[in-house]
Amino acid sequence: MPTLTYRDALNQALREEMQRDPNVFLMGEEVGVYQGAYKVSRGLLEEFGPKRVVDTPIAELGFAGIGVGAAMGGLRPVVEFMTWNFALLALDQIVNSAAKMLYMSGGQIRIPIVFRGPNGAALQLASQHSQAWESWLAHIPGLKVVAPATPADAKGLLKSAIRDNNPVIVLEGEMLYNLKGDVPDGEHVVPIGKAEVKRAGSDVTLVCHSKTLTVAQKAADQLAEQNVSAEVLDLRSLRPLDEAAILESVKKTNRAVVIEEGWPHIGIGAQVVDLIQRDAFDDLDAPVQRVTQADVPMPYNKHLERAAKASPEKVVAAARKVLYLNGD
Amino acid sequence: MATKVHMEALSPTMEEGRLVKWNKHEGDPVKSGDTLAEVETDKAVMELVARADGQLLKVMVPEGTTVPVGNIVAWIGKPGEKVDGDGAAAPAPKGERSAVSGARETPAKPTPSAAPNPAPAPQPVAAVAPADATRVKASPLARRIAKDAGVDLKLVQGSGPGGRVIKRDVEGAPAATVAAQAVPRTADRAPRTGVPYEDVPLTQIRKTIAKRLAASIGPIPHFFLTTEVDMERAAEAREALNKQLGEEGGKISFNDIIIKAVALALVQHRACNAWFQEDHIRYWNEVHIGMAVAIEDGLITPVIRNADMKSLREIGAESRELAGRARNRRLKPEEYTGATFSVSNLGMFDIDQFTAVINPPEAGIVAIGSIVAKAVPDGDRVVVRRRLRLTMSCDHRVIDGATGAVFLKTLKQMLENPLAMLL
């Protein structure tokens with residue numbers, strides 16, 4: 001199986017879907033001539049021309065709205081935001097138009113659109129450009145939200161997102177674009193709404209998604225040295241959430257730590273914990289712990305930024321807590 | 001309107017009580033102040049008295065059941081009056097039985113089926129656990145495992161935060177059985193049945209002692225008992241025996257005599273030959289004496305196994321051999337673990353008396369001072385006798401003052417009259 005970067009896996013998905021379906025087109029800031037701020041759209045303008053790879057002005061609300069209109073008219077737009085921090089300006093189109101149209105039109109108007117771009121903190125981009133938006137987006141009925149953590153999942157989920165007849169949010173990561181991994185050639189589709197056990201274990205479930213998969217895997221390595229067998233469950237989709245997979249894992253391990261990049265208050269983890277306490281109550285041996293970004297705007301200072309982020313050390317500490325290994 | 005009779009807190013630390021006996025029965029007239037029932041608290045059996053006049057309308061809790069403080073145990077009212085509990089589920093004796101009412105069976109000594117109080121029918125499990133402080137804190141998983149396995153959570157020592165019972169605490173925990181008042185008489189002589197020990201769940205009072213004393217001095221609440229022993233006859237016996245052994249070698253030391261005496265006294269006082277095991281006490285039927293040996297930069301306690309069954313010569317030879325290898329650090333792990341009681345001797349350093357620190361999980365250790373000639377009264381005269389001061393350190397979670405004192409008295413008698421060891 002070929003090894004690709006996350007960025008090239010996305011590129012492959014875009015290219016294959018644009019080849020497969022002439023209605024698919026890409027739109028966003030610098031996606032064409034510059035080939036993408038993060039080079040996800042490398043070579044696409046050359047291959048598909050300016051009608052299908054459209055450079056837009058710096059006007060997120062505008063081009064998101066054009067995308068929604070195009071979807072209403074029968075096309076399958078892929079709208080790239082340079083980062084999800086900029087997509088705040090487009091939230092009205094995403095939340096009020098894309099997400100609601102099917103419902104408010106009585107099922108007559110589908111919006112098969114993909115909004116994608118990097119989400120969450122990278123390195124020292126300061127508070128306004130270091131935010132994880134998944135709990136905002138996954139909050140909205142009418143949207144699907146996926147957050148692939150590996151190159152293979154990036155390809156497979158972007159393909160599913162493009163083929164879906166509903167608006168799908170694809171959360172990528174600046175720190176993920178260089179991540180390498182095996183990616184199946186050609187038709188590789190990862191269904192939306194399916195989590196995956198990335199590492200099997202028996203003592204504690206580490207629930208993660210996107211960049212926190214790496215955090216969880218490092219934590220699992222450290223825990224293994226302490227004779228703790230951690231299961232790493234990558235949610236992959238945040239809406240719909242693979243509730244069955246979460247429950248199955250927790251029923252096996254009896255303990256869970258939920259990790260996310262975002263802030264703790266009303267985060268994705270809160271939703272996961274709600275599910276576990278309700279539907280796996282009798283299988284729990286300890287209160288579920290969460291590891292999140294500190295409840296502050298992301299600091300610019302390097303050391304403070306590191307301290308604010310979810311880290312393997314914090315996950316290990318939380319896992320030891322649910323395993324009652326801290327002597328408290 | 002009928003009046004509720006609650007399980008009252010009859011001692012300051014009482015969290016639950018076992019209803020030993022109903023003195024009044026349904027239909028009996030009662031007056032305020034009458035004794036309704038006898039209740040075993042964490043300290044003693046107390047009387048539960050009526051707080052209203054009328055008729056004992058309904059008894060909610062059968063004899064032998066343990067009930068948290070605050071739960072309704074009966075109703076008093078006018079004859080024929082309806083009470084809330086009629087036909088409904090009895091409020092929450094939870095179907096679990098306390099340590100007092102449920103000693104577990106052991107393979108060594110099956111709990112007698114002819115228990116004084118036959119088991120009451122299990123009470124329906126209350127849908128909602130009572131919200132009082134006596135509720136056992138347990139993880140949902142631990143509760144489920146306990147329920148499936150028939151384990152009484154009250155008997156389980158929780159190792160989680162705030163004493164929460166978690167999975168690891170209930171896995172392999174003994175199932176609660178129903179025979180009442182089968183708490184073994186721990187002062188019994190150890191039966192030599194081929195079974196090395198017997199695990200006895202902590203009773204209510206034992207649990208309270210363990211909790212309170214451990215909280216006051218911690219982790220092991222030590223206390224100390226000292227007695228002075230006249231070693232004159234032991235010394236004479238030792239001289240005679242060593243003369244007898246003569247050139248054969250392998251002389252007998254005072255230490256050997258003391259180890260033998262301690263072992264024999266432990267056979268008579270199994271209550272001191274025990275391990276504290278957090279949720280139960282292990283009373284050993286075998287006697288293995290740990291013998292503290294000073295080694296370079298530390299100490300180690302090689303074990304003389306079945307010391308009660310060995311002759312003085314055997315003990316002497318074995319202790320010399322073990323001590324020698326201990327100093328050379330040539331002991332195997334199985335040679336310095338598994339003691340049921342220990343002895344520490346600093347007599348050779350001219351220490352009159354001292355207190356030794358207990359070697360957990362053992363419950364006691366005897367510290368041996370020097371044998372010194374002392375002027376002691378003998379009737380009207382003063383005579384010079386060889387005397388020895390013994391100090392026993394006791395784990396109060398296992399051994400109470402009187403228990404230790406009785407053991408020490410036996411030990412003293414054996415040393416003062418070594419012929420008793422032949423009995």
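Residues numbered from 1 in each chain as written. Chains lettered and ligands numbered in written order. Predicted model: local features only at pLDDT ≥ 70, side-chain atom pairs only at ≥ 80, totals over all residues.

**Q** It is not clear to me how the sheet that holds strand β11 (residues 274-276) of chain B should be interpreted in this structure. Could you clarify?
**A** As a general point, the strands of a sheet are linked pairwise by backbone hydrogen bonds and lie either parallel or antiparallel. All names here are of chain B. Spatially, three strands are ordered β9-β12-β11 in an open sheet, and the strand pairing comes out antiparallel. Where the open sheet ends on each side, the last strands, each with one partner, are β9 (197-201) and β11. With direction set aside, neighbouring strand axes in the sheet form an average angle of 20°. Sheet topology note: the β11/strand β12 (residues 280-284) ladder contains three bridges and is antiparallel. (Pairing = 2+ DSSP bridges. Helix = DSSP H or I, 4+ residues; strand = E, 2+ residues; numbered from the N terminus. Axes fitted to C-alpha atoms, helices over the stretch in contact; angles between N-to-C directions.)

**Q** So what exactly am I meant to see when it comes to the interface of chain B and chain A here?
**A** How big an interface is tends to be stated in terms of accessible area lost as the parts join. At the junction of the two partners, chain B supplies 10 residues and chain A supplies nine residues. A breakdown of the residues in the side of chain B that touches chain A according to their chemical character gives five nonpolar, three polar and two charged. (Contact = placed C-beta atoms within 7 Å. Nonpolar A, V, L, I, M, F, W, Y, C, P; charged D, E, K, R; others polar.)

**Q** Whenever I open this one, the nonpolar core confuses me. Can you help?
**A** General note: in soluble globular proteins, nonpolar side chains tend to be found buried as a group. Residues Leu206(A), Val257(A), Ile259(A), Val315(A) and Ala319(A) are the most contacted members of the largest nonpolar core, which totals 115 residues. Residue assignment places this core across two domains, with domain 1 (3-182) and domain 2 (196-322) of chain A each supplying three or more. Beyond its immediate sequence surroundings of up to four residues, Ile259(A) is in contact with Leu206(A), Val207(A), Cys208(A), Thr212(A), Val215(A), Ala216(A), Val291(A), Ala310(A) and Val315(A). Formed by 59 residues, the second largest nonpolar core is a distinct cluster that contains Ala265(B), Leu266(B), Val287(B) and Leu388(B). (Core = buried A, V, L, I, M, F, W, Y, C linked by C-beta atoms within 7 Å. Buried ≥ 20, exposed ≤ 12 C-beta atoms within 10 Å, placed from the backbone. Domains from an automatic or database assignment.)

**Q** In this structure, what is going on with the pairing of strand β2 (residues 24-28) of chain A? I would like to understand it.
**A** Remember that side chains alternate between the two faces of the sheet whenever the strand is regular. All names here are of chain A. The buried count for β2 comes to five of five residues, which makes it a mostly enclosed element. On β2, burial covers both faces: Val 24, Leu 26 and Gly 28 on one face and Phe 25 and Met 27 on the other are all buried. With five bridges joining them, β2 and strand β4 (residues 76-80) adopt parallel strand pairing. When the sheet's bridge partners are listed, Met 27 is paired in β4 with Val 79. Across three bridges, the pairing between β2 and strand β3 (residues 53-55) is parallel. When the bridges of β3 are listed, Met 27 appears paired with Val 54.

**Q** Teacher, can you tell me more about the environment of Arg389(B) here?
**A** Residue and element names in this part refer to chain B. Along the polypeptide, Arg 389 turns up in strand β19 (residues 381-395). C-beta crowding within 10 Å serves as the criterion here: with 20 such atoms nearby, Arg 389 is assigned to the buried category. What Arg 389 contacts, discounting residues up to four positions off in sequence, is Thr 226, Glu 228, Asp 352, Gln 353 and Gly 369.

**Q** Help me understand the confidence of the model for chain B, please; the structure alone is not making it clear to me.
**A** For residues with low pLDDT, the predicted coordinates do not support detailed interpretation. All names here are of chain B. Looking at chain B as a whole, the pLDDT averages 78, with 78% of positions reaching at least 70. Mean pLDDT values for the elements of chain B range from 63 in helix α3 (residues 204-216) up to 94 in strand β16 (residues 303-304). Every residue in residues 86-133 scores below 50 in pLDDT, and together they form 108 contacts with partners more than four places removed in sequence or on other chains. This model gives residues 176-187 a pLDDT under 50, and the stretch forms 41 contacts once residues within four places in sequence are excluded. With a pTM of 0.53, the predicted complex shows an ipTM of 0.71. (pLDDT = per-residue confidence, 0-100.)

**Q** For this particular structure, what's the right way to read the sheet that holds strand β9 (residues 196-199) of chain A?
**A** Residue and element names in this part refer to chain A. The five strands are arranged β9-β11-β10-β13-β14 in an open sheet whose pairing can be described as mixed. Sheet topology places β9 and β14 (289-291) at the edges, where each strand pairs with a single neighbour. Taking the axes of each pair of neighbouring strands and ignoring which way they run, one obtains an average angle of 25° across the sheet. Pairing of strand β13 (residues 256-259) with β14, which is carried by three bridges, proceeds in the parallel orientation. Counterpart to Val 258 in the pairing with β14 is Arg 290.

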